[in-house]
Structures are given as structure tokens and as C-alpha cells.
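Each chain is listed here by its residues.
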Amino acid sequence: MSRKFTEDHEWIEVAGDVATIGITKHAAEQLGDVVFVELPDVGVKFSKGDDMAVVESVKAASDVYAPIDGEVVETNGAIVDDPAKVNEDADDKGWFVKVKIDNPQQLEDLMDESAYKDFVA
Amino acid sequence: MTNQPQPTDTDQAACLHHLPLHDLHVSLEGKMVPFAGYEMPVQYPMGVMKEHLHVREKAGLFDVSHMGQAWLSLKQGVGEEGAHEKIAAAIETIVPGEIQKLGAGRVRYSVLLNDAGGVLDDLMITRPSSPNQQGRLFLVVNAAMKQADFLYLAERLGDVADLTILSDRALLALQGPLAAAVLEEKIKTVSTMGFMTMRDMEWAQTSLMVSRCGYTGEDGYELSVSADRADAIARALLADERVQPIGLGARDSLRLEAGLCLYGHDMTADNSPVEANISFAIGKRRRSEGGFAGAERILRELAQGPKILRVGLRPEGRAPAREGTEIQSLDGETIGTITSGGFGPTIGGPIAMGYVDANYAESGTKLNLIVRGKPVPARVCPMPFVPQRYYRAPK
């Protein structure tokens, strides 16, 4: 399954029943130099729209919302230790969390890559 | 992902003014944002972090043309014997600084006061060097406050002085350890100027008022130049590979690391200069003589200590504590609020300033900052966060 995108500038990559979630390159560019990332603990359950993570640049703080319902199964400690990784590689090594998907139906509402490209154009 | 509401100086009015260097900022791919009624570059493609570090290592060019520039001039007697003392006496009724004894060609940081001793704005006051200009003072005030400041100056000093607002002049700041070397190549002898002095100089068929000052904690200059020559001057400076254009984002992080107040945030009309921890701006003679707006409160606070005080704060860990963050004692009592906070690129970690109950203002005091509902341990620390590297002329 290919990558999905939200209007809040997150990407979601699905493998089996686990979704890897990050923020888009566009979002990282808009934020500027990321200096701080706060991630949830493994085992925490989220509903779609909940505050899930915090990302801060030199100037501003932003919330990252849960794009789907699910339980956190893994977090990317590398971006907590070195927040600049979010700017360097938002689409891949700068991922935020992996979530066990509760409701696969919710993925249907998200944008595909070309729709997201139009959205940010 | 959504930005949390940020306190900004954004003027939401539909009509945003363009400054003389607008086209240059756009050609440099500056990210333009509303600021104090103007469209201003918050950053360039280099980004806030690298721009900040570049200023600390080399030299950066800032467009600060949105700031208010004005001449305050005696209605009568400019250039005559005793003219400076007259204009100084007038402005000293609303600023607490020593202006009478300010030398010719010297610049002073001061504050405009209301009758309650509150700070209406902070400003730079320059006494011109030329004998025939005595009786005049060159003022630079904050962009967001300039209309109010100019009205206040006219209201309070209008009987003896005229205010000439220089809306046709741009203001450029060249800041950083290489600023003097860069500018010396353009304007001979500029590197011999003392810090906080001003000279009238010529470069590229352009008259410049060159002040050796700034608001980054680094050595540097501010150049006041007519609007129609600003673009040529800015491009000539940017042609030097040591110079990069720097946006308002890095200007803010630089001044925060330097421990300098941003008016409207770290200091408002409710705060006295004593509370704002800028008592250095209150002259020695003024402390004994008084005679300025709000002197009763300010002299009392100098003698007895203020109830609250602006302090520097270093949060533990990496989470920045932003403006508006509640400050608590270790007992959980609310003792203050952060007024500026973020990440200091030179420090490599979070820094903040804010007001605390004066009982908690001593350096080293441990307290908590309530960030997203959770206490973040922090301690009071001396400012500036990074050493100021202002130029000191050899004696």
C-alpha cells in the first residue's frame, strides 16, 4: 500500500496492521530548523485528532495530531536525540511513531501522494 | 500538524506597508511575514539557525527600516551655546538616562517613561557630533510603538522642541565579529569608531549616519540612509561573501541570547525599568536628582528593590519554554511568567527570560516552568546567556 497524507501534513505508511507516521517534507520546511521533539510512550492509545507529539523549531511549537486511532508500538528515539534529523530526512529516517491500526477504514479518508501535492501547491 | 497560537507583533490590518528593501528581500527569497504593519523577512533560505550562527561567526545584514527614526530639535537656538543642555533637559523629563552629559557623537540606550514610571518604549538617543547640530537629538524607536512614541514626544515636549519623523530613511544593521572589517573596506576609519558612537559619513555618493551599536550582543553598526539609496548600499554589503542577509527570526534569537528586552514582551507600560532589570539605563545624577516621569516609583524601587524582576532562565533538558509559560516555585506557587523563550542556537539549548517574584530572582534559584501542563525544572541564571562582544576602543 502506498503512502497516505493528512491535511495536517503528516504521512502514513502502512505495513500489515502497523502504520509508520511522520511529518511531510513540506511541513518540515515550513517549520524551519527543528530543535525539539516530544514523542508519546509506547503503549499509549490515541484517537484520531488527539495531540500525539510535539515538534518545535527555533521560533515556534507545533502539535502533531494522531491521524488515525491506534496504539503506539514504537517511537523514533533518533529524532529526540537529534531533532535536526526531521529536517534532513522528514520522509524516511525522520519518522515519528509506529502505531497499531485500530480502524483501517480511517485510512480511506486520507489523501494519496498526488492529492497531497495538489493540496500544498 | 498545526501551529499553536503564537504571540506575535502581527498587524492584522489588510494593508501591509512595503519598506525600501522589499524587492531585495523578495529576490533573496526572504520568507515575508506581517510584522508591526510591514511585510518583513522572517528568514531567508539559509534558515533561522544558520543565520543566527553566521552572525555570531561572521557578519549579517538586517533590514530594520520599520523602526522609527526622528530628529528632536529645539524650536529655537539649534547650534547656539547651551543648546544641547536645553534639548537634553527637555527629554530628561521623560527618560531616566544621563543625556545632559552625553558627549557629542555618542549614542545612549534609554526608555520613554509614563508618569507611573512604566516603560512606554525603549529607544536609542544620539547626540550629533557637529557643533551646528547641537540642540538636536536623533532618536530610533521600535516599529510597533513609533506612532504612539511620536505622539507622546510631541505632547510632552512640543512646547520646546519639534519632532521631525524621518519616514524617508531606511535603517540597516550590520552585525557580527567581521562587521568592522567588512565596513572598513567601504568606509575608511569606521573600524576606529568607539562602541555607542555615531558619525556622519560618505560612501558611494551617499550620506550615512553610522552608529556603532546593535541589538545582537555582537559588535556592529547601524546605518541610517535615505530610502532611495538603501537598496544600493544593502547590495554592496551583501556582495561581500562574509555577509549574509538575516531575517527577524534570527534577530529575535540573537537578542534573546544577548539578554536584551523585546519591547511589548519583556517590558511593557506596566513595568518600570527597575523591574525590567535595565537599571543601568538610569543615570547616576538622575538617581539623586529625580525629575523624570515616574521618578517617585522608580527611585523607591531602586532603594527598596522591586516586587518583581526580569531574570534569565535555563530550562533543564531540551524543551523550549515559550512566552506565556507559567513559572512556579518548587512548592507549586505561581511566581511569574516567561516573556521570551525559545532555543538559543549558540547555547545549543533552551533559554528564556521572564518576570519572577523578586524573592526568587537570585541566580541559581531553582524553579519549575509549566510546559504543556508538566513542570520542567529550570534555574535562574545571569544574562546575557552568551558573552557580549561589543567593541572597546583602545585607550
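Because the structure is predicted, anything quoted here is derived from the model rather than measured. (Residues numbered from 1 in each chain as written. Chains lettered and ligands numbered in written order. Predicted model: local features only at pLDDT ≥ 70, side-chain atom pairs only at ≥ 80, totals over all residues. Heavy atoms only, no water.)

### Thoughts on the confidence of the model for chain B
Residue and element names in this part refer to chain B.
Part 1: Taken as a whole, chain B shows an average pLDDT of 95; of its residues, 96% reach a score of 70 or greater.
Part 2: Overall, residues 4-13 carries pLDDT values under 50, and its contacts beyond four positions in sequence, including any with other chains, amount to 15 contacts.
Part 3: Both scores are given for the predicted complex: the pTM is 0.93, the ipTM 0.86. (pLDDT = per-residue confidence, 0-100. Contact = heavy atoms within 4.5 Å.)

### A look at the interface of chain A and chain B
Part 1: Taken residue by residue, the interface counts 27 residues in chain A and 20 residues in chain B.
Part 2: Summing both partners gives a buried area of about 2,000 Å² for chain A against chain B, and 48% of it is carried by carbon and sulfur.
Part 3: For chain A, the biggest contributors to the area lost against chain B are A:Val35, A:Val58 and A:Lys59; these three give 28% of the whole.
Part 4: At the junction of chain A with chain B, the criterion picks out four salt bridges.
Part 5: With a shortest N-O distance of 3.7 Å, A:Glu38 and B:Lys374 are connected by a salt bridge.
Part 6: Applying the counting rule to chain A against chain B returns eight residue pairs in polar contact (both at pLDDT 80 or more).
Part 7: Taken together, the elements giving at least two residues each to the side of chain A that touches chain B come down to helix H1 (25-31), strand S4 (34-38), strand S6 (51-57), strand S7 (61-65) and helix H2 (77-81) of chain A.
Part 8: Per element, the largest residue contribution to the side of chain A that touches chain B is five residues, and it comes from S7(A).
Part 9: In the side of chain A that touches chain B, the residues fall into 14 nonpolar, four polar and nine charged. (Buried area = accessible area lost by both parts, 1.4 Å probe. Salt bridge = Lys/Arg side-chain N within 4 Å of Asp/Glu carboxyl O. Polar contact = N/O pair within 3.5 Å; in protein donor to acceptor, adjacent residues only side chain to side chain. Helix = DSSP H or I, 4+ residues; strand = E, 2+ residues; numbered from the N terminus. Nonpolar A, V, L, I, M, F, W, Y, C, P; charged D, E, K, R; others polar.)

### Section: empty space enclosed by the protein
Residues and elements named next belong to chain B.
Part 1: The tally for this structure, following the rule as stated, stands at three cavities of 30 Å³ or more.
Part 2: A volume near 70 Å³ is recorded for the largest cavity.
Part 3: As for the largest cavity, its lining consists of Val107, Met124, Thr126, Phe138, Val140, Leu171, Met209, Ser211, Cys213, Glu222, Leu223 and Ser224.
Part 4: Of all the elements in the fold, those that place two or more residues in the lining of the largest cavity are strand S7 (119-126), strand S8 (136-141), strand S12 (206-211) and strand S13 (220-226).
Part 5: Per-element tally for the lining of the largest cavity: the top contributor is S13, with three residues.
Part 6: Residues that form the lining of the largest cavity fall into these classes: eight nonpolar, three polar and one charged. (1 Å grid on protein atoms, 1.4 Å probe; cavity = no way out; pocket = protein on both sides within 12 Å on 5 of 7 lines; lining within 4 Å. Points joined across faces, edges and corners; volume = space filled by probe spheres on them.)

### Some thoughts on the domain arrangement of chain B
All names here are of chain B.
Part 1: Once the domains are mapped, chain B shows domain 1 (22-64 + 168-257), domain 2 (68-162) and domain 3 (307-381).
Part 2: The centre of domain 1, based on its C-alpha atoms, is set 24 Å off from the matching centre of domain 2.
Part 3: If you look at the interface, domain 1 gives 15 residues, while domain 2 gives 16 residues.
Part 4: Summed over both sides, the interface between domain 1 and domain 2 buries roughly 1,200 Å², with carbon and sulfur atoms accounting for 62% of that surface.
Part 5: By the criterion of area lost to domain 2, the three top residues of domain 1 are Met196, Met198 and Met209, representing 40% of everything that side buries.
Part 6: In this assembly, domain 1 and domain 2 are joined by zero salt bridges.
Part 7: Summed over the shared surface of domain 1 and domain 2, the number is seven residue pairs in polar contact (both at pLDDT 80 or more).
Part 8: At three residues, the largest contribution of residues to the side of domain 1 that touches domain 2 is made by strand S10 (residues 169-175).
Part 9: Grouping the amino acids of the side of domain 1 that touches domain 2 by side-chain chemistry returns nine nonpolar, four polar and two charged. (Domains from an automatic or database assignment.)

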